[in-house]
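Reading the structure
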Amino acid sequence: MERQVAVIGAGISGLLACKYTLSKGFHPIVFESQSSVGGVWTKTVETTKLQTPKPLYQFSDFPWPSSVTEDFPNQHKVLDYVQSYAQHFHLLKHIKFNTKVAGIEYEGPQDEEIQSWSLWGGTGEPFSSKGKWNVIVEDLKTLATEVFQVDFVIVCVGRFSGLPNIPEFPPNKGPEAFHGKVIHFMDYAAMDDEKAAEFIKDKRVVVVGFQKSALDIAMECSAANGGENPCTVFYRTAHWNVPDYHPWGFSLAHMYLSRFSEFMVHKPGEGFLLGLLATILAPLRWAYSKFVESDIKRKLRLAKHGMVPTHSFLHDISSCLTSTVPEKFYDKVEEGKIKLKKAPNFSFCHNGVLVEDESTAIEADVVIWATGFKGEKKLRDIFVSQTFQDYITGTPDAAIPLYRECIQPRIPQLAVIGFSESIANLYTSEIRCRWLAELLDGTFKLPSIKEMEKDVTKWDEYLKQYSGEYYRRKCIGALHIWYNDQLCKDMGWNPRRKKGFFAELFDPYGPLDYVP
């Protein structure tokens, strides 16, 4: 009997999940709330470009077209590439567009029995004759509701869309006190280019945030309004955003995406020798960071602008907080077209915003939140069951508990793809989807729930050690190869993918290293 697999979302992860489940003979049904594939790339600001170099952001079996020559293509070229992938592998016929998943509900053993299981799903198998998932969907055009019953669910909702993260304020200190307009980046990105340009034209704009979306909006505002109405960017913490990927002429990929670079980092599940090696190489790890930091400070003139971070570059890359600075961003700062303002706390007043401990308000007509999304809440709310909501959320002092960043050990017949972060999310999602397809096909079995939870705890300890307060982002950026090694071993692949000792040790790893 053909197994039905529901895939929630037709972004990068959803398309990959669809493709690789199809390759194993399963029948995927993809539910996408928008009218096209591409996820975050369908709605973004005009000036947005790819964050990571193109060779790291590609499908292993579908190269970029030769017409795309730049290393950092713009959003239109990225979206074209993703859509071409879906068309090439005939994925569109498996996607139900304009279809929102309102919730998923497990129909099978009761909570008490599930809690007593020692193996995932009770048997360790991905499918069960005793359990099914009911996927409740709403057609956004007709508003009709329908329930699909499936054998397995792959949640690919991501964490960079859907539910905006908007700070809370005391009464009369929030946007209600402000006479201007307040919107989230999501709403700004949803505007067409002409409407977005009109929205900010001749306006005094405050952008809250300092990640990629905030920088892109600030650049658009500076182009629209120049020095007459400079854009003010509020930030809490300065980060090591990079001007390029060649510090002092050296390849950043060789420095941080090679097997040797990972020898300098303590790893979850490492043995005595690897642990000792990471300790011995600690001074080199520090030197790598300082080397990159000195180049960033020089090129972006961070000291002049008071933007030198207090933490290391390794901390930012381990937290996936390193963005590419738009070209000439700091030139705009020097020209007075963009103003940077440290504002850990602020409130609204009728004519603008007031930074804590300051007496004069910063006058504004528009405030744009570039403060991210509530990815954890979006993931939690997709479950109807309170028990499963609690399982997926985990404890308050730990990140979302996912074994191999895919499986919640106590939730049967379900996987989550694309929730944790990396240097290149397409690259990470692809190998996860291949791993999941092999799991569904019976190539290997998962360990016991207790062993999986022990492994999750080790990764959580790593995240807290290297990402600090940002551990909930679940970034594997500094341990990409070590993480992929675990997936390769599960699937019975050789984790050593390079030819030759020195290449294996010092060359950066990328998507093409995992071509079958």
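Residues numbered from 1 in each chain as written. Predicted model: local features only at pLDDT ≥ 70, side-chain atom pairs only at ≥ 80, totals over all residues. Heavy atoms only, no water.

1. Considering the environment of Gly 226
- Summarising the element assignment, Gly 226 is placed in the loop between α6 (212-225) and β10 (231-235).
- Taking relative accessible area as the criterion, Gly 226 reaches 15% and is therefore assigned buried.
- In this structure, the C-alpha to C-alpha distance between Gly 226 and Ala 287, residues 61 residues apart in sequence, is 40 Å.
- Look past the residues within four positions of Gly 226 in its chain and what remains in contact with it is Cys 221 and Lys 337. (Helix = DSSP H or I, 4+ residues; strand = E, 2+ residues; numbered from the N terminus. Buried < 20%, exposed > 50% of the residue type's maximum accessible area, 1.4 Å probe, protein only. Contact = heavy atoms within 4.5 Å.)

2. Describing the environment of Phe 250
- Summarising the element assignment, Phe 250 is placed in the loop between β10 and α7 (252-256).
- For the pair Phe 250 and Met 307, spaced 57 residues apart in the sequence, the C-alpha separation amounts to 23 Å.
- Each residue touching Phe 250, except ones within four places of it in the same chain, is listed here: Tyr 245, Met 255 and Phe 291.

3. A closer look at the pairing of strand β12 (residues 346-349)
- A two-sided burial pattern is seen for β12, the buried positions comprising Phe 346 and Phe 348 on one face and Ser 347 and Cys 349 on the other.
- Sheet analysis places β12 next to strand β13 (residues 352-355), joined by four bridges and oriented antiparallel. Looking at β13, one finds that Phe 346 is bridged to Val 355.
- In this antiparallel pair of consecutive strands, β12 and β13, the connection spans two residues. (Pairing = 2+ DSSP bridges.)

4. Digging into the domain arrangement of the chain
- Assigned domains within the chain: domain 1 (4-162 + 374-514) and domain 2 (175-239 + 323-369).
- If you average the C-alpha positions of domain 1 and of domain 2, the two centres end up 33 Å apart.
- Taken together, the contact between domain 1 and domain 2 spans ten residues of the former and 14 residues of the latter.
- Surface buried jointly by domain 1 and domain 2 totals about 1100 Å² across both partners, of which 49% is contributed by carbon and sulfur atoms.
- At the junction of domain 1 and domain 2, the tally comes to zero salt bridges.
- Our count for the contact surface shared by domain 1 and domain 2 stands at four residue pairs in polar contact (both at pLDDT 80 or more).
- The residue inventory of the side of domain 1 that touches domain 2, partitioned by class, reads two nonpolar, five polar and three charged. (Domains from an automatic or database assignment. Buried area = accessible area lost by both parts, 1.4 Å probe. Salt bridge = Lys/Arg side-chain N within 4 Å of Asp/Glu carboxyl O. Polar contact = N/O pair within 3.5 Å; in protein donor to acceptor, adjacent residues only side chain to side chain. Nonpolar A, V, L, I, M, F, W, Y, C, P; charged D, E, K, R; others polar.)

5. A few points about the side chain of Asn 98
- Within the fold, Asn 98 resides in the loop between β3 (95-96) and β4 (99-107).
- Residue classification places Asn 98 among the buried residues on the basis of a relative accessible area of 18%.
- Residues contacting Asn 98, with those up to four places away along its chain left out, are Glu 32, Ser 33, Gln 34, Ser 35, Glu 138, Asp 139, Leu 140 and Lys 141.

6. As for the sheet that holds strand β6 (residues 145-150)
- Read from one edge to the other, the open sheet built from three strands follows the order β4-β5-β6, with strand pairing classed as antiparallel. The open sheet has two edge strands, β4 and β6, and neither has a second partner. Each neighbouring strand pair of the sheet contributes to a mean axis angle of 25°, computed without reference to strand direction.
- Strand direction decides the pairing type here: β4 and strand β5 (residues 132-139), joined by eight bridges, are antiparallel. (Axes fitted to C-alpha atoms, helices over the stretch in contact; angles between N-to-C directions.)

7. A look at the packing of aromatic side chains
- In total, this model carries 42 aromatic pairs according to the counting rule given.
- Their ring planes at 45° and their centres at 5.4 Å tell us that Phe 260 and Phe 506 sit as a pair that is tilted. Here the residue Phe 260 occupies a position in helix α8 (residues 259-263), and Phe 506 occupies one in helix α19 (residues 501-506), the gap between them amounting to 246 residues.
- Judged by its relative accessible area of 35%, Phe 506 is partly exposed.
- When the centroid spacing of 5.2 Å and the interplanar angle of 80° are considered together, the rings of Phe 501 and Phe 502 count as edge-to-face. (Phe/Tyr/Trp six-rings, centres within 6.5 Å; stacked < 30°, edge-to-face > 60°.)

8. Overview of the pairing of β5
- Across six bridges, β5 lies against β6 in antiparallel orientation. Pairing of Ile 136 across the sheet is with Val 147, part of β6.
- In this structure, the hairpin formed by β5 and β6 is closed by a connection of five residues, where Leu 143 is found at a positive phi of approximately 65°.

9. Focus: a negative patch on the surface
- Where like charges cluster on the molecular surface, the negative patch consists of Glu 46, Asp 192, Asp 193, Glu 194 and Glu 198.
- Residue classification places Glu 198 among the exposed residues on the basis of a relative accessible area of 58%. (Patch = residues over 30% accessible without salt bridge, like charges linked within 9 Å, V, L, I, M, F, W, Y side chains within 5 Å. Areas by Shrake-Rupley, 256 points an atom, 1.4 Å probe, with all protein chains shown as cover. Lys, Arg positive; Asp, Glu negative; His and termini not counted. Charge placed at Lys NZ, Arg CZ, Asp CG, Glu CD.)

10. A few points about the pattern of salt bridges
- Scanning all chains against the criterion turns up 31 salt bridges.
- Salt-bridge contacts for Arg 259 lead to Asp 485; the nearest nitrogen and oxygen are separated by 2.7 Å. With Arg 259 in helix α8 and Asp 485 in helix α18 (residues 480-491), this residue pair connects regions lying 226 residues apart in the sequence. In terms of burial, Arg 259 and Asp 485 fall into one category: buried.
- Members of the salt-bridge network, linked through shared partners, are Asp 244, Asp 295, Arg 298 and Lys 299.

11. Comments concerning the side chain of Lys 267
- Mapped onto the fold, Lys 267 is located in the loop between α8 and α9 (272-280).
- No salt bridge is formed by the buried Lys 267; the nearest opposite charge belongs to Glu 270, separated by 4.3 Å.
- A distance of 2.8 Å separates a polar atom in the side chain of Lys 267 from the backbone oxygen of Val 265.
- The residues touching Lys 267, leaving out its near neighbours within four places in the chain, are Glu 262, Leu 274, Leu 479 and Trp 482.

12. Observations concerning the packing of helix α16 (residues 425-440) against α18
- Contact pair α16 / α18: the axes reach a minimum separation of 10 Å and the direction vectors enclose 20°. Classed by the angle they form, the pair α16 and α18 counts as roughly parallel. Our pair here, α16 against α18, has a crossing hand that is left-handed. On α18, the residues touching Tyr 427, Thr 428, Ile 431, Arg 432, Arg 434, Trp 435 and Glu 438 of α16 are His 480, Tyr 483, Asn 484, Leu 487, Cys 488, Asp 490 and Met 491. (Parallel < 35°, antiparallel > 145°, perpendicular 65-115°, else oblique. Left-handed = near helix turned anticlockwise from the far one by under 90°.)

13. A few points about the sheet that holds β12
- The three strands lie next to each other as β12-β13-β14, forming an open sheet whose pairing is antiparallel. Sheet topology places β12 and β14 (362-363) at the edges, where each strand pairs with a single neighbour.

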